[in-house]
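Okay, here's what each chain looks like letter by letter:
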Amino acid sequence: ADRLGDVSAFTPDAVRELGGSWQDMRLAAVERFAAAPMPTPTEEIWRYSRIDRLDLDRFTPAACVTEIEAPHEASGWIVDAEPELFADETPDVFAELNRAFMSPVVIRVPAGRALADPILITHHISGDGIAVFPRLVIDAGADSEVTVVERFVAGDGSADDRSLVVPVLQVRAAQAARVRYLAVNEVGINTWQIGNQQSVGERDSSTLLATVTLGGDYVRARTEARLSGQGGSTKQVALYFAGGTQMHDFRTIQDHDAPNTSSDLLFKGAVQDHAASVYTGLIKIRKHADGTTAYQTNRNLTLSEGAWAESVPNLDIQTNDVKCSHASTVGPIDEEQRFYLESRGVRPEVAERLVVLGFFEEVIAQLPAGRFADDLRSRVSNKLDVGSQATRSAGDREEVPA
């Protein structure tokens with residue numbers, strides 16, 4: 001179908017059947033969704049993607065199963081409020097679809113309050129053919145501080161199930177607020193995830209938007225971090241590791257809409273087997289954003305001959321009084337590092353693991369992961385083992401005479 005509205009499961013009747021509050025908002029969104037064209041890889045924003053392989057007909061909307069663990073100091077912060085901070089900013093049709101079928105969580109942090117321990121939100125995805133639409137809104141009051149970890153986890157048996165996850169994150173950091181956010185993707189190998197993240201930082205605020213992506217078939221995250229107040233700062237960091245035939249796809253925008261603001265981005269990824277990754281980033285500095293500093297770095301390791309990574313940094317600078325830089329690399333493990341380790345008696349497979357873990361450590365050290373940091377290191381190490389076993393098995397098959 002050329003238009004998303006031809007997909008029978010995502011209709012106004014389905015919105016009514018799913019229930020929930022804010023029905024007017026939901027119905028208006030599903031009507032806009034019905035009128036929207038299906039995105040294609042010919043569009044620049046979807047370039048290199050697999051969006052033409054998505055068959056929405058095989059999915060049915062369902063309510064998201066979500067657990068929330070919050071310290072007692074955060075009592076009353078999770079509220080039943082309108083789950084919409086930026087009503088007029090819908091980046092793509094999937095964000096519109098989320099608005100129609102959302103399962104929302106709204107965190108409203110009172111002004112002047114600081115929370116030492118993180119709020120943990122876990123979405124459980126299980127069942128064949130379901131589509132879920134988690135929405136997280138973080139509204140941080142002036143001079144407040146909060147850390148939120150959001151996990152997307154495959155349930156028992158869901159590794160064999162095909163599912164679709166369409167999350168939306170909206171963050172507002174009021175004056176001098178400090179918000180740290182981490183998304184951890186642990187979905188099944190047959191899951192598609194297409195997400196949108198939006199944040200706005202006001203005067204003297206700071207935001208950290210962090211992502212770890214290890215699971216999924218095709219996982220895409222579009223992140224737009226805007227600084228609307230003088231002295232605001234934002235940081236984006238990500239760790240992604242794709243194996244098999246996975247594809248991880250990241251699109252980022254660092255939008256400076258006020259003077260004397262700063263942004264920093266560090267994305268590091270690895271691909272092995274026949275996996276692929278895409279990173280495209282834009283630093284946008286508006287004409288009135290004098291005194292801005294902005295940095296963007298994307299590094300990629302290709303661990304197998306059949307793996308592929310694309311890195312496309314972009315700049316849109318409309319004023320001269322800025323400090324700005326971007327860097328990107330795609331390539332195999334540094335042979336000098338490998339040789340150094342192997343010359344000291346380290347086995348080749350162990351040497352590769354050490355190099356890759358060292359490569360990712362710069363990102364892990366910046367994640368607001370707390371007790372999850374060691375678990376993330378183990379997951380990366382385990383993924384390396386799986387890739388190495390697959391490579392060895394393929395080599396064994398090639399040596400067998402026909």
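Right above here is the structure, for reference.
Residues numbered from 1 in each chain as written. Predicted model: local features only at pLDDT ≥ 70, side-chain atom pairs only at ≥ 80, totals over all residues. Heavy atoms only, no water.

Student: Describe the pattern of salt bridges, with residues and values.
Tutor: Tallying each qualifying case throughout the model produces 26 salt bridges. For D13, the salt bridge identified is with R16, shortest N-O distance 2.9 Å. Residue D13 and its partner R16 are both found in helix 1 (residues 12-18); the two are separated by three residues, about one turn of the helix. Under the relative-accessibility criterion, D13 is labelled exposed at 55%. On the accessibility criterion, R16 (48% relative accessible area) is partly exposed. (Salt bridge = Lys/Arg side-chain N within 4 Å of Asp/Glu carboxyl O. Helix = DSSP H or I, 4+ residues; strand = E, 2+ residues; numbered from the N terminus. Buried < 20%, exposed > 50% of the residue type's maximum accessible area, 1.4 Å probe, protein only.)

Student: Before we move on, can you summarise the side chain of N298 with the specific residues and values?
Tutor: Counting through the fold element by element, N298 comes out in strand 19 (residues 292-302). Take N298: its relative accessible area is 1%, and that puts it in the buried class. Engagement of the side chain of N298 in a polar contact is seen with the side chain of Y240, the distance being 3.0 Å. Look past the residues within four positions of N298 in its chain and what remains in contact with it is Y240, F267, Y279, S311, A327, S328 and T329. (Polar contact = N/O pair within 3.5 Å; in protein donor to acceptor, adjacent residues only side chain to side chain. Contact = heavy atoms within 4.5 Å.)

Student: Please set out the sheet that holds strand 2 (residues 65-69) residue by residue, giving values where relevant.
Tutor: Spatial strand order, 2-5-8-11-13-15-17-19-21: nine strands in an open sheet with mixed pairing. Looking at strand neighbours, the two that pair on one side only are strand 2 and strand 21 (322-331), the edges of this open sheet. Averaged over all pairs of adjacent strands, the angle between strand axes in this sheet comes to 10 degrees, irrespective of strand direction. Judged from the 10 bridges that link them, strand 15 (residues 233-242) and strand 17 (residues 262-271) form a sheet pairing that is parallel. In the sheet register, A238 faces strand 17, and the bridge partner there is F267. Lying over the sheet, helix 5 (residues 348-364) contacts strand 15, strand 17 and strand 19, oriented at roughly 155 degrees with respect to strand 17. (Pairing = 2+ DSSP bridges. Axes fitted to C-alpha atoms, helices over the stretch in contact; angles between N-to-C directions.)

Student: Describe the nonpolar core, naming the residues involved and giving the relevant values.
Tutor: Membership of the largest hydrophobic core comes to 31 residues, with the highest contact counts inside it found for L182, L239, F241, L303, V356, F360 and L367. Contributing elements (two or more residues each) for this core: strand 11 (178-186), strand 13 (206-213), strand 15, strand 17, helix 5 and helix 6 (373-399). At seven residues, the largest contribution of residues to this core is made by helix 5. (Core = buried A, V, L, I, M, F, W, Y, C linked by side-chain atoms within 4.5 Å.)

Student: Just give me the short version of the environment of F250, but keep the residues and values in it.
Tutor: Inspection of the secondary structure puts F250 in strand 16 (residues 247-256). Overall, F250 belongs to the buried group, its relative accessible area being 3%. Between the C-alpha atom of F250 and that of V312, which follows or precedes it by 62 residues, the distance is 10 Å. Those residues in contact with F250, other than ones at most four positions away along the chain, are T211, T213, A221, Y240, F267, V278, Y279 and T280.

Student: Summarise the side chain of D161; cite the residues concerned and give the values.
Tutor: Note on placement: D161 falls in the loop between strand 8 (145-154) and strand 9 (163-165). Look at D161: it is buried, it has no salt bridge, and the nearest opposite charge is R58 at 8.5 Å. Polar contacts involving the side chain of D161 include one to the main-chain amide nitrogen of G127, which spans 3.3 Å. Setting aside residues up to four positions removed in sequence, D161 forms contacts with S126, G127, D128 and N190. (Lys, Arg positive; Asp, Glu negative; His and termini not counted.)

Student: Tell me what's going on with the packing of aromatic side chains, and back it up with residues and numbers.
Tutor: The way to describe two aromatic rings as a pair is by their centre distance and the angle between their planes. What the rule picks out here adds up to 12 aromatic pairs. Judged by centre distance (6.2 Å) and plane angle (75 degrees), the ring pair of F10 and F33 falls under edge-to-face. With a gap of 23 residues between them, F10 in the segment before helix 1 and F33 in helix 2 (residues 23-34) connect regions that are remote in the sequence. Its relative accessible area of 2% is what places F10 among the buried residues. F33 gets classed as buried once you look at its relative accessible area, which sits at 1%. A centroid spacing of 5.7 Å and a plane angle of 80 degrees characterise the contact between F10 and F101, whose relative ring orientation is edge-to-face. (Phe/Tyr/Trp six-rings, centres within 6.5 Å; stacked < 30°, edge-to-face > 60°.)

Student: An account of the packing of helix 2 against helix 3 (residues 93-101) is needed here, citing residue identities and associated values.
Tutor: Running from amino to carboxyl end, helix 2 crosses helix 3 at an angle of 145 degrees, the nearest separation of the two axes being 7 Å. Once helix 2 is placed against helix 3, the crossing between them reads as left-handed. Between helix 2 and helix 3, the residues in contact are M25, R26, A29, V30, R32 and F33 and V93, E96, L97, R99, A100 and F101, respectively. (Left-handed = near helix turned anticlockwise from the far one by under 90°.)

Student: Residues and numbers for the packing of helix 4 (residues 335-342) against helix 5, please.
Tutor: Where helix 4 meets helix 5, the axes come as close as 9 Å, and the angle between the chain directions of the two elements is 130 degrees. For the element pair helix 4 / helix 5, the angle class is oblique. The chirality of how helix 4 crosses helix 5 is right-handed. Each of Q337, R338, L341 and E342 in helix 4 lies in contact with helix 5, whose residues at this interface are P348, A351, E352, L354 and V355. (Parallel < 35°, antiparallel > 145°, perpendicular 65-115°, else oblique.)

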